[in-house]
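Observations on the model geometry
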Amino acid sequence: MEKAKILVIDDEKNILESIHMVLSYEDYPVETASSGIDGLELFKQIRPEIVLLDVKMPGFDGLQVLKTIKQQDPLTEVIMISGHSGIEEAMEASRMGAFDFLEKPISREKLVLTVRNAAEKAALMRENVSLRTIQE
């Protein structure tokens, strides 16, 4: 089975590089963006199944990006990441459709497990939609 395409959006270069390295090692195709605006442009181009998204970014923040992504493709699984956000932001992200919430520094094991679970859910959701389309 083909691995889910992943987009990582974070304004911290070292976070982008470390997540890219871990997920590439796990054979996921990974693209990165260093701002919400750049991330949304890349999202439109590559249509990833999974987005890892920083909550706090200058300009267009993670919650705004999450809302836009979910409007454009509700089946995309979004994993929020943050080093300094509270329970309120995590709850708001969940209400807006985020799959999960990872805190920085992100452990390799937690990252891989969360991405694997999101990929399974994304594949099941897309298969469900495709089966419904066939039946109609």
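Above this text is the structure in question.
1. Section: the nonpolar core
With 21 residues, the main nonpolar core has Ile-9, Val-51, Leu-53, Leu-66 and Met-80 as its most contacted residues. Put simply, the parts of the chain that give this core at least two residues each are strand 1 (6-9), helix 2 (36-46), strand 3 (50-54), helix 3 (62-72), strand 4 (77-82) and helix 4 (87-95). In this view, Met-80 contacts Leu-53, Val-55, Gly-62, Leu-63, Leu-66, Ala-93, Ala-98, Asp-100, Phe-101 and Leu-102; residues no more than four positions away in its chain are not counted. Formed by 20 residues, the second largest nonpolar core is a distinct cluster that contains Ile-19, Ile-50, Val-112 and Ala-118.

2. Remarks on the packing of aromatic side chains
Inspection of the entire model under this criterion finds 0 aromatic pairs. The ring of Tyr-28 is capped by Lys-3, whose NZ or CZ atom sits 4.3 Å from the centre of that ring.

3. Focus on the pairing of strand 4
Counted residue by residue, strand 4 has 6 buried out of 6 residues, so it is predominantly covered. Neither face of strand 4 is exposed, since Glu-77, Ile-79 and Ile-81 on one face and Val-78, Met-80 and Ser-82 on the opposite face are all buried. With helix 3 bridging strand 3 and the parallel strand 4, this β-α-β connection has right-handed handedness. Relative to strand 5 (residues 100-103), strand 4 runs parallel, the two being bridged by 4 bridges. Across the sheet, residue Met-80 finds its bridge partner in strand 5, namely Phe-101.

The rules behind the values
- Residues numbered from 1 in each chain as written.
- Predicted model: local features only at pLDDT ≥ 70, side-chain atom pairs only at ≥ 80, totals over all residues.
- Heavy atoms only, no water.
- Core = buried A, V, L, I, M, F, W, Y, C linked by side-chain atoms within 4.5 Å.
- Buried < 20%, exposed > 50% of the residue type's maximum accessible area, 1.4 Å probe, protein only.
- Helix = DSSP H or I, 4+ residues; strand = E, 2+ residues; numbered from the N terminus.
- Contact = heavy atoms within 4.5 Å.
- Phe/Tyr/Trp six-rings, centres within 6.5 Å; stacked < 30°, edge-to-face > 60°.
- Lys NZ or Arg CZ within 6 Å of the ring centre and 35° of its normal.
- Right-handed = clockwise from strand over helix to strand, strands pointing away.
- Pairing = 2+ DSSP bridges.

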